[in-house]
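# Examining the three-dimensional arrangement
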Amino acid sequence: MDFESPDVMKDFPGLYASEIHKTKSNDPEYSDDAEKVTKKDILIGKRKDKKDKKDKERGYAALEGESSAEESYEVRSPSKSKKSKSFKFPTKSREKREKSREKDKEVTEKKKDKDKRTDKKIEKDKEKCKLEKKEKRIKSEDWCDIGEVLPIFGVSLKLAIEHGRCHDGIDLPVPVRACIEYIEDYGLSFENVYKVSGPKSKVLHLKKLYNQREHVNLLDYDVPTVTSLLKMFLRDLPEPVFTSDLLIRFEEAGAILNVAVREKHLKILVGNLPESNRLLLSWIIVHLYNVTLNERCNKMNVQNIALCLSSTLQTSQRLLTSLLFHCPALFPNTVLEHYVYPLTSTSQLPDDPEVMEQELLKQESLLAQIHSEMNVGFISKQREELLWEVQRIITQLKRKLKTAHKDREMLFEKIDEQHVEETVENEAERSTTPTISSEAEVQSECVEETRVIETDATAEAPVSDAKLSDSSSCEKSSLKEVEPPEVPVSVPENKLLNNALALLQIKNTFLNNLKESF
Amino acid sequence: MSKKPVTQPALHKVIMVGSGGVGKSALTLQFMYDEFVEDYEPTKADSYRKKILLDGEEVQIDILDTAGQEDYAAIRDNYFRSGEGFLCIFSITEDESFQATQDFREQILRVKNDENIPFLLVGNKCDLEERRKVTYQEASDRAKQWGVTYVETSAKTREHVDKVFFDLMREIRARKMEENKTNNGRGKDKNKRKKIKCVIL
Ligand SMILES: Nc1nc2c(ncn2[C@@H]2O[C@H](COP(=O)(O)OP(=O)(O)O)[C@@H](O)[C@H]2O)c(=O)[nH]1
Ligand SMILES: [Mg+2]
């Protein structure tokens, strides 16, 4: 099959561009029911389905609820949901029936062997049923699927970012980050990347996992599946990434013949985009640009990429070609940073205060998201577990940061003290006979901190904690002439610094051990 | 994945509630790390986990230390809902904090919908006897009215700190065992009925 030839589009009308129409039509294979179902449907018509799902979740929660953090991590792993799916291509409505039957069977089977163990939990669930009935109407959404009420796919970019938030401050939806990361790592030399589509069933399955906030490991999938997933996300955006308002002006700018003028206009337009649109566009274009840079391996030059993705991006090939051509100028500062998920309680906490601060921000972002999801009614044992776990990590991070800051303060104080001490020694050497000088050195060694602190007040040295006093010092008078920062870093100071650092490290390992023992 | 919970130590979830400054964090930190912090740092929410021996049985306790004066009720409810036992703290040196316990009790009952939820009324700062504003009698009367135990503690001297946590955990454990028993007694078809009930909802 000649993928290079544009004729391929005629032979496979559903392959690229026309997929967009397919999605918009009612083809049951591509339109997943999630989007077609209203909240009311969810609450009434699909109750049974919901309930099954719920029970499944509860079932896990019952097993993992009282277990170690290690296992609660497993709850977030993709394995369970993957197992329960088959990748067939059944026809139309039959598929749905089969699916639900399959599901029912599965659930009953699962229930059977879990019944004994979940007795207690079911009792609790029942109580919860009652309780939630009494609570606000919205709470009954507990029985529906978060992926159907707060999906990441098929909603506005703003909502997609909110629902699938990356907690590292780069506000793109998780699947976008994940797909780009994956393709950058494994797809750049894949022949006909973005041209070859992945199996729809797998793509839809991935979409579902993301919508349901399941942990997804894209490494279990191949390049075409992942590129198709990213394309699906972009295609499902209700508004083009260029925004409806600016799209025409983008098109006009992309058509300008004069290269310099074109670049200037595109630059201005990019600057006019809302922040999240600009971010998404920059990532997409920079990424696609990287793909075209590997044209020799993947056979995808600018024209091919523009051909394959213009309809996905709801734009013309010409505009896309222009954007790729001007990519380095338009997005000079875009770095496709890997997204590292917030830590779980099984992972070691970082030791570097700066990394700790970053992690703290991530965890707090995650916590806020859990709260907001719970506040609209998505309350499950699993989510509650997660809430406590994240809260615990935040508390630990804060405590660890506090100790780290304290340690650092102490370290600085020590260094400052050492500065003064050095000065004192230098002065002593300069102003006295060798014999006395060595005496002074010996003395300074035994008296150590005390003497230095005493001199502090006079010397205006940055030592602040002058609590102890010792009158043994005799160099006071000469100190004023010495500026402590000018003293070159000497061996003993380095030694002290190293010692302090070693001490810090020991303390950290000790803290980690302590943490583990909990 | 199908590891039986038997191999896992039981986990009890305890929530500290009470006005700001009564010593919720101080009690928590004293219990967790045997430390007493003099300076007052308002808490938003903190959670801790500790392995302990409860009457010879290894259990885990999760403690959630909350903020006193809550303007974020929604967040609080998310925690209250998942709490299995509550320590309701006031300071014996501050009558207002004692009055506030009534509100906390109500909030908890509203969220948990359970009069018998494991719950202790705790009068903290009992080392400051000379500044006492709430009498022992007053407090224990209220506790009696609620059907709960009243204990006086000092996060500073560590008096009764372990006691309140352990007593509460015993209550939680007893509660769980009770739930288990009713469950096992009624057997399997009971579960099936429950299942159907949930569907009806
Ligand atoms: N004397 C005394 N002071 C206490 C006691 N418990 C807490 N404090 C002090 O009361 C202040 C507030 O305590 P904190 O635990 O932060 O209150 P929280 O807002 O309820 O968490 C801090 O300055 C503590 O040192 C206690 O038992 N005795
Ligand atoms: Mg506090």
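What counts and how
Residue positions within a chain follow its written sequence, with the count starting from 1. Chain letters and ligand numbers both follow the written order, the letters beginning at A and the numbers at 1. The predicted nature of this model means local features are confined to residues of pLDDT at least 70 and side-chain atom pairs, given and counted, to a pLDDT of 80 or more, with totals for whole chains, interfaces and linings taken over all residues. In computing side-chain values, all of the structure's heavy atoms are included and hydrogens and water are not. We count a stretch as a helix when DSSP gives it H or I for four or more residues in a row; a strand needs E for two or more, and each element gets its number in order from the N terminus. Burial classification: accessible surface area is computed with a 1.4 Å probe over protein chains only, and a residue below 20% of its type maximum counts as buried, one above 50% as exposed, and the rest as partly exposed. We call two residues in contact whenever any of their non-hydrogen atoms come within 4.5 Å of each other. All accessible areas in this document rest on Shrake-Rupley with a 1.4 Å probe, and a residue is counted as covered only by the protein chains that are shown. Known as pLDDT, the predictor's per-residue confidence is scaled from 0 to 100. Coordinating donors are taken to be N, O and S atoms lying within 2.8 Å of the metal, or within 3.2 Å when the metal is Na, K or Ca; because water is excluded from the atom set, some sites may appear incomplete. The salt bridge criterion pairs a side-chain nitrogen of Lys or Arg with a carboxyl oxygen of Asp or Glu, the two atoms within 4 Å. To qualify as a nonpolar core, a set must consist of buried Ala, Val, Leu, Ile, Met, Phe, Trp, Tyr and Cys residues joined through side-chain atoms within 4.5 Å. Pairing of aromatic side chains requires ring centres within 6.5 Å, counting the rings of Phe and Tyr and the six-membered ring of Trp. Pairs whose planes differ by under 30 degrees are stacked, by over 60 edge-to-face, and all others tilted. Think of it as a cone above the ring: NZ of Lys or CZ of Arg counts as a charge over the ring if it is within 6 Å of the ring centre and within 35 degrees of the ring normal.

Scanning chain A from N- to C-terminus turns up 26 helices and 0 strands. Evaluated residue by residue, chain A yields a buried proportion of 52% over its 518 residues. For chain A, long-range pairs separated by at least 24 residues make up 73% of all intrachain contacts whose partners lie at least 6 apart in sequence. Within the structure as shown, chain A displays about 25,300 Å² of accessible surface, and the carbon and sulfur contribution to it stands at 55%.

Residues and elements named next belong to chain B. Per-residue pLDDT for chain B averages 87, and the proportion of residues at 70 or more is 86%. Low pLDDT, under 50, characterises residues 1-5; the predicted model gives this stretch 11 contacts beyond four residues in sequence or across chains. For the stretch residues 187-201, pLDDT sits under 50, and the model shows 22 contacts to residues farther than four places along the chain or on other chains.

Moving on, we get to the coordination of the magnesium ion (ligand 2). All names here are of chain B. Only S25 (OG) and T43 (OG1) from the protein reach the magnesium ion (ligand 2) as donors, at distances of 1.9 to 2.0 Å. Taken together, the positions of S25 in helix α1 (residues 24-33) and T43 in the loop between α1 and β2 (45-54) put the pair 18 residues apart, joining distant regions of the chain. On the accessibility criterion, T43 (18% relative accessible area) is buried.

Under the definition given, this model contains 28 salt bridges over all chains. For R213(A), the salt bridge is made with E373(A), and the minimal N-O distance between the two is 3.5 Å. Placement of R213(A) in the loop between α12 (200-211) and α13 (223-236) and of E373(A) in helix α21 (residues 353-375) is noted, with a sequence separation of 160 residues between them. Of the charged contacts in the structure, one is a salt bridge between R132(B) and E152(B), with a shortest N-O distance of 2.6 Å.

Turning next to the nonpolar core. Ranked by size, the top nonpolar core spans 68 residues in total, and within it Y194(A), L218(A), L230(A), F233(A), F242(A), F250(A) and L280(A) carry the most contacts. For L230(A), the contacting residues outside a window of four places in its chain are V176(A), C179(A), I180(A), I183(A), Y194(A) and I284(A). In terms of nonpolar packing, the next biggest core, distinct from the first, is built from 44 residues, L349(A), I394(A), F90(B) and F98(B) among them.

So, on to unusual backbone geometry. At K299(A), a position not held by glycine, the phi torsion is positive, near 65°. Inspection of the secondary structure assignment puts K299(A) in the loop between α17 (295-298) and α18 (302-309). Given the relative accessible area of 39%, K299(A) is considered partly exposed. Positioned with a positive phi, K125(B) is a non-glycine residue whose angle comes to about 70°. Here K125(B) is to be found in the loop between β5 (119-124) and α4 (136-146).

Counted according to the given criterion, the structure contains 12 aromatic pairs over all chains. Consider the rings of F153(A) and F233(A), whose centres lie 5.6 Å apart with planes at 85°: the pair is edge-to-face. Here F153(A) is found in the loop between α9 (146-149) and α10 (157-163), whereas its partner F233(A) is found in helix α13, with 80 residues between them in sequence. In terms of burial, F153(A) and F233(A) fall into one category: buried. A centroid spacing of 5.9 Å and a plane angle of 10° characterise the contact between F90(B) and Y150(B), whose relative ring orientation is stacked. Residue F90(B) is found in strand β4 (residues 85-91), and its partner Y150(B) is found in strand β6 (residues 149-152); the two are separated by 60 residues along the sequence. Grouping residues by exposure puts F90(B) and Y150(B) together as buried. The structure contains a cluster of three or more aromatic residues connected by ring pairs, namely F90(B), F98(B), Y136(B) and Y150(B). A cation over an aromatic ring shows up here: K13(B) above the ring of W388(A), its NZ or CZ 5.2 Å from the ring centre.

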